[in-house]
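A closer look at the structure
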Amino acid sequence: MSQGRDFRPHRVVVLALDGLLPFELGIPHRIFGRPKDAERRHLYEVVTCSIRPPGPVRTDADFAIMVEHGPEALATADTVIVPASYELGPVFEEGVLTDELAAALAHIRPGTRLASICTGVYVLAAAGLLDGRPATTHWADADHLQRLFPKIDVDPDVLFIDDGDVLTSAGVAAGLDLCLHMVRRDHGTAVANEVARRTVVPPHRDGGQAQYIERPVPDPQQTGTTTARAWALGRLHEPIQLRDMAAQEAMSVRTFTRRFREETGVSPGQWLTQQRVERARHLLESTGLSVDQVARDAGFGTAQSMRQHLQAALGVTPTAYRRTFRTGTGTGTGGGGGGGGGVFESYGDVGALS
């Protein structure tokens, strides 16, 4: 996205299908409608379209919405987002597009970034856009998606998956996580965090959707791991041992590890790596500290260790990340697609904490 005289906001086109969920339809407008550059220009333009000429589109509620753009709007998109629908018909039941939907999708230009929220993934899958790729959807539909589309690598546990030019998310609120991630990918953590603050949601949620699947209600008398996490966040620059975190809750290491995974959906090692990566990103964007100093302050110890973790998590080196996101306007270069890569769906377990 150019920041100069030829500035043009990145155009996000949201495809509204009959049976849509109003909440999920509104997520892209809320998230992408907020970011602005230093000159107060909107970084994104959000447009809603239908697969038919302008007119009403049914929702799963007791009202319809009036959509002012037809499928031709898809040809103008830098990013296309397909929210969930409860009336996908043969797309959901047989894995095939209707003629009307196929004709609409044909407007999308090659190279356009594509994303889905919840069951919107069925549209991308039926179009053959996910074959050989990782993808996710609402946990309740993950098994069905895998059976219907065996060429897709379905992960039922994560909140979203970034596979570069195609991104998919789990159900409902995971659409917020996905859209914030795209803002973060385009313009860095500072811009995404500001959007999250204004939306009153966390800029990053730990764990995956597995933690929200129904399970026995924990004993309210059981001790949690909140204190240990707060303790660790206050000393990311120091070596942190698993036994030290467990000691903050007066638990054995085994009990603490089990309780931690129940609460966050990830192991203590995975969580700590996530927090250190986020700390490194913030320092690379917002300070002039050397890469060696950022590595020490984020708790990676050495620049080589940080480089390995950022490469695994973000697909870029610390220097490349800083060059992209530490600009005079506070925004990154953005772009219509590519970049990123399927590394955001999970973080490798670092085993013992160090």
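Residues numbered from 1 in each chain as written. Predicted model: local features only at pLDDT ≥ 70, side-chain atom pairs only at ≥ 80, totals over all residues. Heavy atoms only, no water.

**Notes on the sheet that holds strand 5 (residues 79-82)**
Our working rule: Only strands joined by at least two bridges in the DSSP assignment are considered to pair. Under the scheme used here, helices are H or I runs from DSSP no shorter than 4 residues and strands are E runs no shorter than 2 residues, and both carry numbers assigned from the N terminus. Every angle, taken between N-to-C directions, lies between 0 and 180 degrees, and every axis is a line fitted to C-alpha atoms, over only the stretch in contact when it is a helix. Pairs of residues are marked as contacts when any of their non-hydrogen atoms sit within 4.5 Å.
A sheet is described by the order of its strands in space; here 6 strands give the open sequence 2-1-5-6-10-9, paired in mixed fashion. Pairing within the sheet leaves two strands with one partner each, and these edge strands are strand 2 (44-49) and strand 9 (160-162). Recorded for the sheet is a direction-independent mean angle of 15° between the axes of neighbouring strands. Here 6 bridges tie strand 1 (residues 10-15) to strand 2, and the two strands are oriented parallel to one another. From the neighbouring strand, valine 13 faces strand 2, where its bridge partner is valine 47. Packing of helix 1 (residues 22-32) onto the sheet brings it into contact with strand 1, strand 2, strand 5 and strand 6 (113-117), and relative to strand 2 it is tilted by some 160°.

**What about the packing of helix 11 (residues 268-286) against helix 12 (residues 291-298)?**
Worth spelling out the cut-off: Throughout, a crossing is termed right-handed when the near helix is turned clockwise from the far one, and left-handed when it is turned anticlockwise from it by less than a right angle. Note on residue classes: Ala, Val, Leu, Ile, Met, Phe, Trp, Tyr, Cys and Pro are nonpolar, Asp, Glu, Lys and Arg are charged, and everything else, Gly too, is polar.
At a minimum axis separation of 9 Å, helix 11 and helix 12 run at an interaxial angle of 145°. Read as a crossing pair, helix 11 and helix 12 show a hand that is right-handed. Contact with helix 11, carried on its side by Arg276, Arg279, Ala280, Leu283 and Leu284, involves Val294, Asp297 and Ala298 of helix 12 and no other residues of that element. Its residues assigned to classes, the contact of helix 11 with helix 12 comprises 5 nonpolar, no polar and 3 charged.

**Focus: the pattern of salt bridges**
The condition that has to hold: We define a salt bridge as a contact between a side-chain nitrogen of Lys or Arg and a carboxyl oxygen of Asp or Glu at a distance within 4 Å. Per-residue accessibility, obtained with a 1.4 Å probe over protein chains only, is compared with the maximum for each type, and a residue is labelled buried under 20%, exposed over 50%, and partly exposed between these values.
Applying the stated criterion across every chain, the model contains 18 salt bridges. For arginine 11, the salt bridge goes to glutamate 45, with nearest N and O atoms at 3.2 Å. Of this pair, arginine 11 sits in strand 1 while glutamate 45 sits in strand 2, placing them 34 residues apart in sequence. Notably, a salt bridge pairs glutamate 39 with arginine 41, separated by 3.7 Å at the nearest N-O pair. Exposure remark for arginine 41: the relative accessible area of 22% places this residue in the partly exposed category.

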